[in-house]
Amino acid sequence: MIDVHVLTFSGTRPDWLDQCVKSIEAEGLTPHVVQGVEGNVGAGREQAYRLGDSEFVGYVDSDDYLLPGVGDACLRGLEKYRHVVTLERRRCGDLMGGRLWPHHHFTVYRRADVLPLLHLMPDHPIHCDQLLVRKLCPRQLSFVGYVWRMHAGQGHRVGTVAQFKALEAAVCS
């Protein structure tokens, strides 16, 4: 099965969190709701990826949600590939974007491959997810399984050039 963590922060909207958790449960995946570290998503992910005992791990942001069938699609993909990532749609208010976005969400990894990298995550407070993607190179599935809700309060909007350069250095080392 797949352990899926959801980080919460001071600005987490309860209605979006509820939708997020229900979408994980509807797929038969195991949700772990974890209080994140304000200002450092990577530190929260370091703690959260350790939860559970499933062979596979992933995350869903508390303002996003999964689409039906994503759990089965990922498990089928994991029979062939070491790590997988689904396509996603962006949602702005009530409008769902038509363009599909690759290599971002919903990414599922083998826990054994993530654990050795967790100590690096707090050093990448915004780009921790990209660190794993670039180190572990998940295989892109053709399945649309994730909705990325676009809004003004998103954490990735506060990243700095220095943080991005630190990611580049970590990936190339």
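On a predicted model such as this, the values are computed, not experimentally measured, just so you know. (Residues numbered from 1 in each chain as written. Predicted model: local features only at pLDDT ≥ 70, side-chain atom pairs only at ≥ 80, totals over all residues. Heavy atoms only, no water.)

Colleague: Quick question: what am I supposed to make of the overall build of the protein chain here?
Modeller: Helices and strands together make up the secondary structure of the protein chain, namely 6 helices and 8 strands. Along its sequence from the N terminus, the protein chain presents helices and strands in the succession β-α-β-α-β-β-α-β-β-β-α-α-β-α. For the protein chain, with 173 residues in total, the buried portion stands at 47%. For the protein chain, the proportion of contacts with a sequence separation of at least 24, taken over those separated by at least 6, is 78%. (Helix = DSSP H or I, 4+ residues; strand = E, 2+ residues; numbered from the N terminus. Buried < 20%, exposed > 50% of the residue type's maximum accessible area, 1.4 Å probe, protein only. Contact = heavy atoms within 4.5 Å.)

Colleague: Where do I start with the pattern of salt bridges in this structure?
Modeller: Where charged atoms of side chains with opposite charge meet at close range, the side chains can pair. Under the defined criterion, the tally for this structure stands at 8 salt bridges. The residue arginine 82 makes a salt bridge to aspartate 113 at a minimum N-O spacing of 2.7 Å. Note that arginine 82 is positioned in the loop between helix H3 (70–80) and strand E5 (84–92) and aspartate 113 in helix H4 (residues 111–114), a separation of 31 residues in sequence. Owing to a relative accessible area of 45%, arginine 82 belongs among the partly exposed residues under this scheme. Through salt bridges that share partners, Arg45, Asp61 and Asp129 make up one connected network. (Salt bridge = Lys/Arg side-chain N within 4 Å of Asp/Glu carboxyl O.)

Colleague: Explain helix H2 (residues 41–48) here, please?
Modeller: The α-helix advances 3.6 residues per turn, and as a result positions three or four apart in sequence lie on the same side. Every buried residue of H2 is accounted for by Gly42, Ala43, Gly44, Arg45 and Ala48. Here H2 starts with a cap whose side-chain oxygen sits 3.1 Å from the backbone nitrogen of glycine 42, and that cap is asparagine 40. (Polar contact = N/O pair within 3.5 Å; in protein donor to acceptor, adjacent residues only side chain to side chain.)

Colleague: Would you take a moment to explain the packing of aromatic side chains for this structure?
Modeller: The description of an aromatic ring pair uses the distance of the two centres, along with the angle that the planes make with each other. Applying the stated rule across the entire model yields 0 aromatic pairs. Over the aromatic face of tyrosine 59 sits the side chain of arginine 45, whose NZ or CZ is 3.7 Å from the ring centroid. (Phe/Tyr/Trp six-rings, centres within 6.5 Å; stacked < 30°, edge-to-face > 60°. Lys NZ or Arg CZ within 6 Å of the ring centre and 35° of its normal.)

Colleague: How should I be thinking about the pairing of strand E2 (residues 30–35) in this particular structure?
Modeller: Working note: regular strand, side chains alternate between the two faces of the sheet. With 6 bridges joining them, strand E1 (residues 2–8) and E2 adopt parallel strand pairing. When the sheet's bridge partners are listed, leucine 7 is paired in E2 with valine 34. (Pairing = 2+ DSSP bridges.)

Colleague: How should the environment of histidine 5 be read in this particular structure?
Modeller: With respect to the helices and strands, the residue histidine 5 is situated in strand E1. With sequence-adjacent residues up to four places away left out, histidine 5 is seen in contact with His32, Arg45, Ala48, Tyr49, Gly58, Tyr59 and Val60.

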